[in-house]
Each structure stands twice: as structure tokens, then as C-alpha cells.
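Here's the letter readout for the chains.
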Amino acid sequence: MADLRIDLAGIKSPNPFWLASAPPTNSGYQVQRAFEAGWGGAVWKTLGDPILNVSSRFAAVSFNGQRVAGFNNIELITDRPLEVNLQEIYETKKRFPHHAIIASLMVEPKQEKWHEIVKRVEDVGVDGLELNFGCPHGMAERGMGSASGQVPELVEKQTYWVKEAAKTPVIVKLTPNITDITATAEAATRGGADAVSMINTINSLAGVDLDTWNTVPHVAGKGAHGGYCGPAVKPIALNMVAECARNPLINVPISGIGGISNWQDAAEFILMGATGVQVCTAAMHHGFSIVEDMIDGLNNYLDDKGIASVMDLVGRSVSRYSNWGDLDLNYKIVAEINNDVCINCNKCHIACEDTSHQCIDLYSEDGRPMLKVREEDCVGCNLCSIVCPVDGAITMVERKSSISPMTWNERQTLISSLSK
């Protein structure tokens, strides 16, 4: 079996699967149950001055029969006294000394406030700190969360203040509600962050009830924007992790968050530069026991690949992630239809005819309907294979080009040199 132990900026855990700071890590009882189930670490639900939450506070978006394809919440940070949380952290760490416990923190952007909470939290034995600069609702209206996380100068300054007092590794959790997440990741690095985590939730409104006209969720007929997470946000999160992982100015480990529901998702984040991953929505949907399949699946994957340690997988795909201008304009793939497998639903033909390049022909052979791709007109967009409901009916295949590889950037350089 592969070695699943990770070391993220000095924070060690028995596997890369952590629970994110959220309702599942609200109490010692929950975190201890999670560790018993097999989770390697937990980021305690954000500590600060206790707040008052509202009811109701969750909503979900289902799609095409899948429950909780997306998840929305308007819940805030801990509503329990700091002293109670600290006692439970101490007890949990004492019982599970080899599991990672990270305290998520959020206070006003004042140096003395950060110094005070850092000292109190570290005194109970946490393995690290995560600064919550991402919460998009409620706390942001009070100048905290994403209100700080959207301003690189504030991210840098507050990270520096925490590092002045901290003795344990400091992770900065970033908001996705920003034009370029690398700007704040660079700021966190300049401030001395030992690692960054991403993404926090995305500004969202889950829906509107067409009978009552209330927002979903609503509180006594009033609604507010919340934070969106779950499987639907995975591509957004994965892109942001990749952008930070390939940026040489962000030379710190990454904890990946956002729509991770199984071991395959986790492996993708790790390949794109995350040292470990954090999970929330999937645990809320299915319970803590999902980590068993995550551990087994990742173990088997690493064994099949002949990789001894999960740490050897970190970032292996980063070099394959680039800018559009660096892609080969002369690389060619085309669709190939297997009529022996095709069920003649014609989804590929309709999609291509109506919304793509009209390169799939319908014809009949011995009275049987058939489909064929005109390769000279196919641009290899993948649309037909995406809409096809049958595995193996459409394959995208490479066609060797007689033209040498050339990127857009190379083309522009060549044109510029010829014009001189």
C-alpha cells in the first residue's frame, strides 16, 4: 500500500483528507467522530467573537436527478463561546495526537486582535492556523472574511500580524470572489504565509420559489446572498489551484478545497499542485464514512501507478497547464463514430448541426440508419462525444499533421519578424 501521509508546511497528517472549516467541524464530538472514521485532519469551524445565526440557512441545487449538485449556505462562523471551543480542541488533540487539527480564525483587521486570538488558540495545542479571508456573507458586512480577502494589502498586512505572534504554520484561506486569486495568494506569500488554501465559497443565490416568490433559503420572507460550494464549483476551484501552483511568486504549499466528493477529485487537485485537500459538502451529504472509499481509492490508484507516496503525486500535472497562447494550433483530433455501438439517438448529429460545425452526416446502409463524420470539416471540439449517452460510441482520435507545431505566440512572433 502507498504511503498516504502528508506534510503541508510542517503540518503532518496520516492522509491528505481533511474536513474543511464548516458545520462538520463545529464541535469536538464531530471532529472526534470524523477522526474515528478515518479523516486525517480537520480545520475547526472558524473561531472569533461568537455570532448569532439565522434560520433557515442552507439550500441545495439539484441537476438532472443529482441531489446537491451545488450547496448554498448563509451560516456564519462559530456561535459557541471561544472558551468552549478551545477546551474541546484541547481534548480532541489529546485523544488524537497524530491527526492534524487546524484552527480557522477570523477577527477584526486589528493587530492586537490577531495577536490575542493566536496566542489563546495555540495554547491548546493546535497544529496550525487557517486565516479565514473568504467567508462571503455576514462577516464580510462587518469588514472581515472576503471584505479583507479581496484586498491584497489587507491580506498581506494581516498575515504579517499573525506571523508576528504564531509559533505554528499559518495557512491563508482565499476568497474566489475576486478577479485574480493569484493577486491575493501573492500577498499572503509576501506576508509570510506558510501555505494557502482555496477556495472558499462563491457568492450565490440558490433560487427563488415560484409559488411564494421567496428566495431559497429565506428568513421570514427575506433572503441574502450566501456561499456556494459542492460538486458544481470543482472546475472553478481546480483552475484557481492550478493558477497559484504554476505561479513562481506563490512558492508555498496549497490545501485544495472546492467540490471534492471522491478520491478521483482529490487526485486531480493533488496533481494540479495541492498537497492535501479539504472536504465539506460531500461529508454533509453522505456522512463521515465517505472517507473510507477516498482512502482506499487513492491507495489503489497510487499502487496501480507504481507511486510509493502521495507526496510524489503533488503537482505532477502543473507543467501541463499553460496559457492559451502556448497551445499548438496545428494539433489535430477528430471524432470517430462506432456505428456498432451507436444507438441512433442522433444527439451528436443534432448538437453538431445546430450548434457546432455541421460535419456529421446521416445516411442509410441496408436499411439501417448510420452516422459518419466528415473529418475534413471536423474541428475536434469534443461536443459530439460530450452529448453522446453511450460510452465507446464516439472516440476522439489524433490525426497526424503535416504542418509543424506552432503556437499563437510563436505565430505572432514570426509575423512580427517578417514584417520588419
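Use the structure listed above.
Residues numbered from 1 in each chain as written. Predicted model: local features only at pLDDT ≥ 70, side-chain atom pairs only at ≥ 80, totals over all residues. Heavy atoms only, no water.

Asks: Which residues make up the sheet that holds strand β3 (residues 17–19), and what are the values?
Replies: One closed barrel holds the 8 strands; their spatial order is β3-β4-β7-β8-β9-β10-β15-β16, and the pairing between them is parallel. The mean angle between the axes of side-by-side strands here comes to 25°, regardless of whether they run parallel or antiparallel. Where strand β7 (residues 100–105) and strand β8 (residues 128–133) come together, 4 bridges link them in parallel fashion. Considered in β8, the bridge of A103 is made with L129. Each of β3, β15 (254–257) and β16 (274–279) is contacted by helix α8 (residues 263–271), which is oriented at about 145° to β16, the strand it contacts most. (Pairing = 2+ DSSP bridges. Helix = DSSP H or I, 4+ residues; strand = E, 2+ residues; numbered from the N terminus. Axes fitted to C-alpha atoms, helices over the stretch in contact; angles between N-to-C directions. Contact = heavy atoms within 4.5 Å.)

Asks: Any details on empty space enclosed by the protein? Residues and values, ideally.
Replies: For the structure shown, the criterion picks out 4 cavities of 30 Å³ or more. Here the largest cavity defines a volume of roughly 470 Å³. Lining the largest cavity are 35 residues, and of these S21, A22, N73, N200 and T201 sit closest to its centre. Going through the elements one at a time, β4 (41–47), β6 (66–73), β14 (226–229), β16 and α9 (281–286) are the ones with two or more residues in the lining of the largest cavity. Per-element tally for the lining of the largest cavity: the top contributor is α9, with 3 residues. When its residues are assigned to classes, the lining of the largest cavity shows 19 nonpolar, 13 polar and 3 charged. Counted as a void, the second largest cavity has a volume near 90 Å³. Lining the second largest cavity are 16 residues, and of these C352, C359, C378, C381 and C384 sit closest to its centre. Elements represented by at least two residues in the lining of the second largest cavity include exactly α11 (347–355) and α12 (383–387). Tallied by class, the residues present in the lining of the second largest cavity amount to 12 nonpolar, 4 polar and no charged. (1 Å grid on protein atoms, 1.4 Å probe; cavity = no way out; pocket = protein on both sides within 12 Å on 5 of 7 lines; lining within 4 Å. Points joined across faces, edges and corners; volume = space filled by probe spheres on them. Nonpolar A, V, L, I, M, F, W, Y, C, P; charged D, E, K, R; others polar.)

Asks: Quick one: what's the story with the sheet that holds strand β11 (residues 202–204), residue by residue and with numbers?
Replies: On the basis of which strands lie adjacent, the open sheet formed by 4 strands has the order β5-β6-β14-β11 and antiparallel pairing. With partners counted over all chains shown, the strands left at the sheet margins are β5 (58–63) and β11, one partner each. Ignoring strand direction, the axes of neighbouring strands in this sheet form an average angle of 45°. One ladder, built from 3 bridges, connects β6 with β14; its direction is antiparallel. Within β14, the residue paired with N72 across the bridge is Y228.

Asks: Talk me through unusual backbone geometry; I want residue IDs and the actual numbers.
Replies: With omega at 5°, the peptide bond leading from S55 into S56 counts as cis. Within the secondary structure layout, S56 lies in the loop between β4 and β5. In this model, M198 is joined to I199 through a cis peptide bond whose omega is 10°. Tracing the sequence through the fold places I199 in the loop between β10 (195–198) and β11. Phi angles above zero are rare outside glycine, and N346 is one such case at about 70°. By relative accessible area, which is 24% here, N346 ends up partly exposed. Look at Q358: it is not a glycine, yet its phi comes out positive at around 50°. Along the chain, the position of Q358 falls in the loop between α11 and β18 (360–365). (Buried < 20%, exposed > 50% of the residue type's maximum accessible area, 1.4 Å probe, protein only.)

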